[in-house]
Amino acid sequence: MKRHNLNVYDKTIEFNTFDVLFCQGFKKQPGTKYMGIGDDILKDFLKQHPEAAEGNLSEDDLRILIGNYQQRKNESSDNDFDGLSPEQMHELVYFPMAMPGSISIRENCEDEIIDQVPLYALSSLLLNHIVSAGKIKLTPKGNLPVTVCEILYSSNNLYFPYKVFVKKIVEDDIPYIWVIKDYLLFEGIVKKRNNILTLTVKGEKYLLKTKKEQLKQLLFFFTQRLNWMNFFDNNEDVSGKLGWAYSLYLLKKYGSESQSNYFYSGKLYLAFGHLNKIGNSKFDQAYQTRFFDYFCEWFGFTKIDRGKGQFSSGNYQIIKSDLFDKLFS
């Protein structure tokens, strides 16, 4: 694990003065803990600053020396991060799209472009249906009625791997339908009372937001709050979701030409070494299903050639969509 990816140290571990000084300030990979100074980083530091090993520097001087070294490391391009610096990677993982940088929604993105995002369009359709009808009475199970599901399904027939087994258009069997309903409920845009959905005061304010703000809110829900194990359950929840903005950065960089799904998952392995504990085949399949089959497909970010395979076990060929380039800079 690369030491210069650490941002904080684990305070449950005891460090001597030099250890603590040295580890503070390095960017941290998600899911990792600092378990001692990496030999390669320490050797590099001492090579650049042999005076640090002589024992003649004060603690304050040592802090300044280490701080300057850390800053250079954190701002330097890293091959494991496909040329991004640890600082840029830190921003992508912990504060995705918070500011213009490696990837962000275009500042002047027009409403007609946002309307082309399939999942956003469906969420708007369901919300508008609730607004125009005044309310929607749910089934005894608390699901959307079949008539509403059919309207949503026929308006934008999104991909999901097990569509071939669907016999009836009901919420439980069409995953993107329950996702948009959960989104509206979880975000407080609509409320459920006595098995009836109605618009809330917060929902009225939501309708006044720009479409770009609404899309950002949907993205935040999907990537931060929605459990992606719903899309592929292999008893872990990081595959595909971890570093999703980094995956979009890679798609932005390499997606003009057809690339295999293994091309992208391989770069995730390199950036987040602890993913190897999951196992290559389990991670590859979960990443392919969660990130490409659901996230990218439902937001219209990719065009995927799945070959003859119906399910997520083969080799996909992936390019970014025209919509992706219109949305992101």
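Scoring rules and cut-offs
- Residues numbered from 1 in each chain as written.
- Predicted model: local features only at pLDDT ≥ 70, side-chain atom pairs only at ≥ 80, totals over all residues.
- Heavy atoms only, no water.
- Core = buried A, V, L, I, M, F, W, Y, C linked by side-chain atoms within 4.5 Å.
- Buried < 20%, exposed > 50% of the residue type's maximum accessible area, 1.4 Å probe, protein only.
- Helix = DSSP H or I, 4+ residues; strand = E, 2+ residues; numbered from the N terminus.
- Contact = heavy atoms within 4.5 Å.
- Phe/Tyr/Trp six-rings, centres within 6.5 Å; stacked < 30°, edge-to-face > 60°.
- Lys NZ or Arg CZ within 6 Å of the ring centre and 35° of its normal.
- Pairing = 2+ DSSP bridges.
- Axes fitted to C-alpha atoms, helices over the stretch in contact; angles between N-to-C directions.

A. Broad picture of the nonpolar core. Of all hydrophobic cores here, the largest spans 81 residues; its most connected members are Leu-248 and Phe-295. Looking at which element gives the most residues to this core, the answer is helix H13 (residues 280-299), with 9 residues. With residues near it in sequence (within four places) discarded, Leu-248 still touches Met-97, Ile-103, Phe-291, Phe-295, Phe-301, Phe-324 and Phe-328. Core analysis: the next-biggest nonpolar cluster, separate from the first, contains 7 residues, Ile-41, Ala-52, Leu-65 and Ile-66 among them.

B. Main features of the packing of aromatic side chains. For the structure shown, the criterion picks out 32 aromatic pairs. With a centroid separation of 5.0 Å and an interplanar angle of 75 degrees, the aromatic rings of Tyr-294 and Trp-298 are classed as edge-to-face. You can see Tyr-294 and its partner Trp-298 sitting in helix H13, 4 residues apart, about one turn around the helix. Considered together, Tyr-294 and Trp-298 belong to a single accessibility category, that of buried residues. Over the aromatic face of Tyr-159 sits the side chain of Arg-306, whose NZ or CZ is 3.5 Å from the ring centroid.

C. Fine view of the sheet that holds strand E1 (residues 136-137). Strand order in the open sheet formed by 3 strands is E1-E3-E2, with antiparallel pairing between adjacent strands. Single-partner strands in this sheet number two, and they are E1 and strand E2 (190-193). Sheet analysis places E1 next to strand E3 (residues 196-199), joined by 2 bridges and oriented antiparallel. Within E3, the position partnered with Ile-136 by the bridge is Leu-197. Its contacts with the sheet put helix H6 (residues 118-133) on E1, E2 and E3, and the angle it makes with E3 is roughly 90 degrees.

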